[in-house]
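Inside the fold
For reference, the chains in residue letters:
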Amino acid sequence: MNTEDVLEEFRASGALREGHFVLSSGLHSGTFLQKNLVFQYPERTARLCKALAEKIKEAVGEVDLCISPAVGGIIPGYETARQLGVPSMYVEREGGEFKLRRAFEIPSGARIAMVEDIVSTGLSSRECVEAIKKAGGDVVVAACIVDRSGGRADPGAPFVALARLDVPAYPADQLPPELAAIPVEDPGSRRLSK
């Protein structure tokens, strides 16, 4: 599966959106990938995550466990783990930082794939990787369905993306005029609890 195949899954689900959006990073963009419109369809999710699982295996061989950041990474993390035949766990924010909760424990020596949905700056991925390391885990790969940074994001581990895009994103005080003229939408979940 290549980038165009991935984008077709998003287009067919109505998940490739144009307008003015605030990303979870706080940056603004004219393009938003509403992945939950894709993940509501098990067959689409399975196709994407099977291809991601194959990329993970090509990059690092076998892994023992997938761990994802909540909330956005839970579905692709679970399905990628299913495709790899390994357990799936996730980290959640507690006191502002990601932690393993719900009695999840990392087996000693486990090779871990950190699995994300969409990566823009890599901040959530880095936070997730750091939480896994604090819990004693060995992250051998950070993987995502779509890297919208054009390869510039640093997730804190060797990086594998099913699709790689270079989508411009801007700080709020540096918007191009055509983006500033459009009403802004904040479709993510990171700021909901604030």
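Cut-offs used in this document
Residues numbered from 1 in each chain as written. Predicted model: local features only at pLDDT ≥ 70, side-chain atom pairs only at ≥ 80, totals over all residues. Heavy atoms only, no water. Helix = DSSP H or I, 4+ residues; strand = E, 2+ residues; numbered from the N terminus. Rg over C-alpha atoms; globule rule 2.2 N^0.38 Å. Buried < 20%, exposed > 50% of the residue type's maximum accessible area, 1.4 Å probe, protein only. Contact = heavy atoms within 4.5 Å. Areas by Shrake-Rupley, 256 points an atom, 1.4 Å probe, with all protein chains shown as cover. Lys, Arg positive; Asp, Glu negative; His and termini not counted. Charge placed at Lys NZ, Arg CZ, Asp CG, Glu CD. UniProt positions renumbered as here; feature names shortened; annotations may be inferred. 1 Å grid on protein atoms, 1.4 Å probe; cavity = no way out; pocket = protein on both sides within 12 Å on 5 of 7 lines; lining within 4 Å. Points joined across faces, edges and corners; volume = space filled by probe spheres on them. Nonpolar A, V, L, I, M, F, W, Y, C, P; charged D, E, K, R; others polar. Salt bridge = Lys/Arg side-chain N within 4 Å of Asp/Glu carboxyl O. Polar contact = N/O pair within 3.5 Å; in protein donor to acceptor, adjacent residues only side chain to side chain.

1. With respect to the overall build of the chain
When helices and strands are counted, the chain shows six helices and eight strands. Taking 2.2 N^0.38 as the reference for a compact globule, 194 residues should give roughly 16 Å; the C-alpha atoms of the chain span a radius of gyration of 16 Å, in line with that estimate. Oriented by its inertia axes, the alpha-carbon framework of the chain measures out at about 55 × 35 × 25 Å. Burial status across the chain gives 45% buried among its 194 residues. Looking at the chain alone, contacts between residues at least 24 apart form 63% of all its contacts between residues at least 6 apart. Entry remark: accessible area of the chain is about 9400 Å², with carbon and sulfur atoms responsible for 50%. Across the chain, the 23 positively charged side chains and the 27 negatively charged ones have centroids separated by 2 Å.

2. Remarks on the UniProt feature "domain: Phosphoribosyltransferase" (unreviewed entry) in the chain
Summarizing the sequence annotation, UniProt attributes the feature "domain: Phosphoribosyltransferase" (unreviewed entry) to residues 46-159 in the numbering used throughout. A helix fraction of 33% and a strand fraction of 32% characterise residues 46-159, whose end C-alpha atoms lie 21 Å from each other.

3. Some remarks on the layout of surface pockets
Of the voids in this model, the second largest pocket is the one considered here, and its volume is about 150 Å³. L23, L27, S120, T121, R148, S149, R152, A153, V167, P168 and A169 are the residues that line the second largest pocket. When grouped by side-chain class, the residues that make up the lining of the second largest pocket number six nonpolar, three polar and two charged.

4. Comments concerning the pattern of salt bridges
This model, assessed by the stated rule, comprises 15 salt bridges. The shortest N-O distance in the salt bridge between E92 and R101 comes to 3.5 Å. Between R152 and D166 there is a salt bridge, with the nearest N and O atoms lying 2.8 Å from each other. One end of the pair, R152, is in the loop between β7 (138-147) and β8 (159-164); the other, D166, is in the loop between β8 and α6 (177-180), with 14 residues separating them in the sequence. For R152, a relative accessible area of 57% translates into the label exposed. On the accessibility criterion, D166 (53% relative accessible area) is exposed. The network of salt bridges with shared partners includes E92, E94, K99, R101 and R102.

5. Considering the UniProt feature "binding site: orotate" (unreviewed entry) in the chain
Following the UniProt record, one finds the feature "binding site: orotate" (unreviewed entry) at S120 and R148. These annotated residues cover 29 residues of sequence, and their C-alpha atoms lie no more than 5.3 Å from one another, placing them together at a single site. None of the other annotated residues line the second largest pocket; only S120 and R148 do. Taking relative accessible area as the criterion, S120 reaches 25% and is therefore assigned partly exposed. Side-chain polar atoms of S120 contact the side chain of R148, separated by 3.3 Å. Here R148 lies in the loop between β7 and β8. For R148, a relative accessible area of 3% puts it in the buried group.

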